[in-house]
Amino acid sequence: MAPHAAPGSVAVSCGDGRGSAESGAGPERVKFDGVWWREAGVAQLKMAEAQVPVLLCFASFCRPCAVPLGAGHEVLVQKFLALYGGLIGVHRKFVMQQYSAEWGDYIDLPKGFAVSERCKLRLVSLQVPITSLGNLVASSTVFFCCDMQERFRPAIKYFGDIISVGQRLLQGAYILGIPVIVTEQYPKGLGSTVVEIDVTSAKLVVPKTKFSMVVPEVEAALSDIPGIQSVVLFGVETHVCIQQTALDLIGRGLEVHIVADATSSRSMMDRMFALERLARTGIIVTTSEAVLLQLIGDKEHPHFKEIQNLIKASAPESGLLSKV
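Scoring rules and cut-offs
Residues numbered from 1 in each chain as written. Predicted model: local features only at pLDDT ≥ 70, side-chain atom pairs only at ≥ 80, totals over all residues. Heavy atoms only, no water. Helix = DSSP H or I, 4+ residues; strand = E, 2+ residues; numbered from the N terminus. Buried < 20%, exposed > 50% of the residue type's maximum accessible area, 1.4 Å probe, protein only. Contact = heavy atoms within 4.5 Å. Core = buried A, V, L, I, M, F, W, Y, C linked by side-chain atoms within 4.5 Å. Polar contact = N/O pair within 3.5 Å; in protein donor to acceptor, adjacent residues only side chain to side chain. Disulfide = S-S within 2.5 Å. Pairing = 2+ DSSP bridges. Axes fitted to C-alpha atoms, helices over the stretch in contact; angles between N-to-C directions. Right-handed = clockwise from strand over helix to strand, strands pointing away.

Asks: Where do I start with the side chain of Gln-167 in this structure?
Replies: Along the chain, Gln-167 turns up in helix H3 (residues 159-176). Under the relative-accessibility criterion, Gln-167 is labelled buried at 17%. The contacts of Gln-167, once residues within four sequence positions are left out, are Glu-196, Ile-197 and Asp-198.

Asks: Where do I start with the nonpolar core in this structure?
Replies: A general feature of soluble globular proteins is that nonpolar side chains tend to end up buried together. Phe-143, Met-148, Phe-159, Leu-169, Phe-234 and Val-291 are the most contacted members of the largest nonpolar core, which totals 37 residues. Elements supplying a minimum of two residues to this core: strand S10 (141-146), H3, strand S11 (180-185), strand S13 (230-236), strand S14 (255-264), helix H8 (288-296) and helix H9 (304-311). Element by element, the count of residues in this core is highest for H3, at 8 residues. Beyond its immediate chain neighbours, meaning those up to four positions away, Met-148 contacts Phe-159, Ile-162, Ile-163, Ser-192, Thr-193, Val-194, Ile-197, Gly-235 and Val-236. Core analysis: the second largest hydrophobic core is formed by 29 residues, Val-215, Leu-222, Leu-233 and Leu-247 among them.

Asks: Which parts of the structure should I look at to understand the side chain of Ser-212?
Replies: Assignment of secondary structure puts Ser-212 in the loop between strand S12 (204-208) and helix H5 (216-223). Within the local environment of Ser-212, its side chain forms a polar contact with the backbone nitrogen of Val-214, the two atoms lying 3.0 Å apart. A polar side-chain atom of Ser-212 sits 2.7 Å from a polar atom in the side chain of Asp-248. Excluding anything up to four places from it in sequence, Ser-212 contacts Cys-241, Gln-244, Thr-245 and Asp-248.

Asks: Just checking my understanding: could you explain the state of the cysteines for this structure?
Replies: Linking two cysteines covalently through their sulfur atoms gives a disulfide. Taken as a whole and judged by the stated rule, the model has 1 disulfide. One disulfide in the model links Cys-57 with Cys-62; its S-S distance is 2.2 Å. Across the disulfide from Cys-57 to Cys-62, rotation about the S-S bond amounts to roughly 110 degrees, and the bridge is consequently right-handed. Of the residues examined, Cys-62 reaches a relative accessible area of 42% and is grouped as partly exposed. Free cysteine Cys-119: the closest other cysteine sulfur is in Cys-65, separated by 9.3 Å.

Asks: It is not clear to me how the sheet that holds S11 should be interpreted in this structure. Could you clarify?
Replies: Within a sheet, adjacent strands bond to each other through the backbone by hydrogen bonds, running parallel or antiparallel. Taken together, the 6 strands give an open sheet; going across it, the order is S12-S11-S10-S13-S14-S15, and neighbouring strands pair in parallel fashion. Every other strand in the sheet has two partners, leaving S12 and strand S15 (284-286) as the edge strands with one partner each. Sheet twist, expressed as the mean angle between neighbouring strand axes with direction ignored, is 25 degrees. As paired elements, S10 and S13 share 6 bridges and run parallel to each other. Bridging from a neighbouring strand, Phe-144 pairs with Leu-233 of S13. Along the sheet face, helix H6 (residues 238-251) touches S10, S11, S12, S13 and S14 and points at about 165 degrees away from the line of S13. Sitting on the sheet, helix H7 (residues 268-280) is in contact with S14 and S15, with an inclination near 160 degrees to S14.

Asks: Whenever I open this one, the pairing of S10 confuses me. Can you help?
Replies: Looking along a regular strand, one sees the side chains alternate between the two faces of the sheet. Taking burial as the measure, the 6 residues of S10 include 6 buried ones, the bulk of the element. Burial of S10 is two-sided: the residues Thr-141, Phe-143 and Cys-145 facing one way and the residues Val-142, Phe-144 and Cys-146 facing the other way are all buried. Sheet topology note: the S10/S11 ladder contains 4 bridges and is parallel. Residue pairing in the sheet places Cys-145 in a bridge with Val-182 of S11. In this fold, S10 hands off to H3, which returns the chain to S11; that crossover is right-handed.

Here's what the structure looks like:
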């Protein structure tokens, strides 16, 4: 019997030298990294530590990496974006596939897929005619208003201007029957959405601590809206919550339009480089008037007069537009 083994038990050394095991009349215990664990606890610990090698391919590129055991679609999308974000972003939709030895070809990932062993995955872009990119249609569009809260008022550059433009956008959305989703970053500390912006008719107003707007409540709201293809996004801050929201949305195959005259940061340098980066990933940087007129598309549109009244006064000529 090995030293320190309990009476009636057998001590077994682990192959990696990190622990030992006892088996006997009672429940099996394993000593792992100097701590005694029940067998089930060790299994959970090892699973938490486990990393599975995967080969991620896009276009003509293939790059090896590792993901946690049990990683699902969300983690894999983020890995693909980290490796190939600049290439993936120019395509609006894509599908993820796994190589099947049985079929000798790639097959689409099934719903609920989780990585359980070494595998080869690829992301396949679904080609979209260039002429359709950036074409907003009211029936397939949703507006995202991000964190336009009272405590940001003294800190965000040209905050009064983006409030004015943001309210104009929301009025346009309500006129055209476009769903509006509003988030508030830690409202307990940062306050609610500013009173100048009317969110009473929004589909959803949700508090969050995550920087991205893409939280579970927002994902659930999106799944309830049929046929959504485009998101019009505005608010603060450009280089944090707006940027992370936009990247999450394109990772889900949605086309994103960021409204430059309704989006700002505390620093104009942060704002400028965020918009440049986002534009390079295929996100559309536009203006409030361009969005509203594109959504009606014709003078004969039944709501043309109402939208025309909204834009009769041009958006504020603030310093934002010289620093896009």
